[in-house]
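Given next are the chains, with one letter for each unit.
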Amino acid sequence: MFSRVRAVLFDLDGTLIDSAPDLAAAADRMRVERGLPSLPFERYRPMAGAGARGLLGVAFGITPHDPGYEELREEFFVNYESCMTQRTFAFEGVPELISQLLDRGLAWGVVTNKSMRFAGPLTRAMKLFETASAVVGGDSTPHSKPHPAPLLEAARVMGMDPGHCIYVGDDERDVVAGKAAGMPTVAATYGYLGGNADCMMWGAHAHVSDPLDLLRLLNFSGRT
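Here's what I pulled together on the structure shown here. (Residues numbered from 1 in each chain as written. Predicted model: local features only at pLDDT ≥ 70, side-chain atom pairs only at ≥ 80, totals over all residues. Heavy atoms only, no water.)

Before going further, it helps to spend a moment on the nonpolar core. Grouped together as the largest cluster of nonpolar side chains are 55 residues, with contacts concentrated most on Val-8, Phe-10 and Phe-76. Once residues lying within four places of it in the same chain are set aside, the contact partners of Phe-76 are Leu-23, Ala-26, Ala-27, Met-30, Ala-52, Leu-55 and Leu-56. (Core = buried A, V, L, I, M, F, W, Y, C linked by side-chain atoms within 4.5 Å. Buried < 20%, exposed > 50% of the residue type's maximum accessible area, 1.4 Å probe, protein only. Contact = heavy atoms within 4.5 Å.)

This is the structure in structure tokens:
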């Protein structure tokens, strides 16, 4: 299944980078500015992959269907824009993984549900992404994951047959989208939802508990 791979596509948050500290800071700032007590980071982290919906849910117990949600979401976005590169970092092992993929002639790219308002500046600010052949955001196509359109767009940009790509992500939507695009899928269980046993029920073709585990799936010799 993985022997024909010519390109690796990754989700962004919770798969390549840990952006939870900046996302949590943006939401918690809103609480503090309203005279509410700050919440511990551990409350926010599991919901980082759900973006504004998840983080505002933790901060204020609000849902997208509640009055005032849209205003709070835009305030969150503005806060996040001001701090999104301050505490965000690549997961341990990711830079080495990318280096080894390139050494073996494989292309790589990013497909995220983060809008390009954030994904663009963030990936341009981090050296890790200088070699990425594609960065596709949640608003780069008419549909976001779990629809396969963003993954198919990334394959098109890279000049790859979707069947020669694999998709790695830490959310069930990533697995659904990858399979719908005709790509082998890999669940990153070290991500934000990795502590959830249900990730083993997503139907991914493989699971990795460490970024460098992907090298073994691709029949690489292992870590350098």
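This paragraph deals with the pattern of salt bridges. This model, assessed by the stated rule, comprises 14 salt bridges. Among the salt bridges present, the one from Asp-11 reaches Lys-145, with a minimum N-O distance of 3.0 Å. In this pair, Asp-11 is assigned in the loop between strand S1 (7–10) and strand S2 (17–18) and Lys-145 in the loop between strand S5 (134–136) and helix H7 (149–158), connecting sequence segments 134 residues apart. Each member of the pair, Asp-11 as well as Lys-145, is classed as buried. The residue Asp-213 makes a salt bridge to Arg-216 at a minimum N-O spacing of 2.2 Å. Pair noted here: Asp-213 and Arg-216 are both in helix H9 (residues 213–217), with a separation of three residues, about one helical turn. When its relative accessible area of 14% is taken as the criterion, Asp-213 is described as buried. What makes Arg-216 partly exposed here is its relative accessible area of 47%. Residues participating in the shared-partner salt-bridge network are Asp-11, Lys-145 and Asp-174. (Salt bridge = Lys/Arg side-chain N within 4 Å of Asp/Glu carboxyl O. Helix = DSSP H or I, 4+ residues; strand = E, 2+ residues; numbered from the N terminus.)

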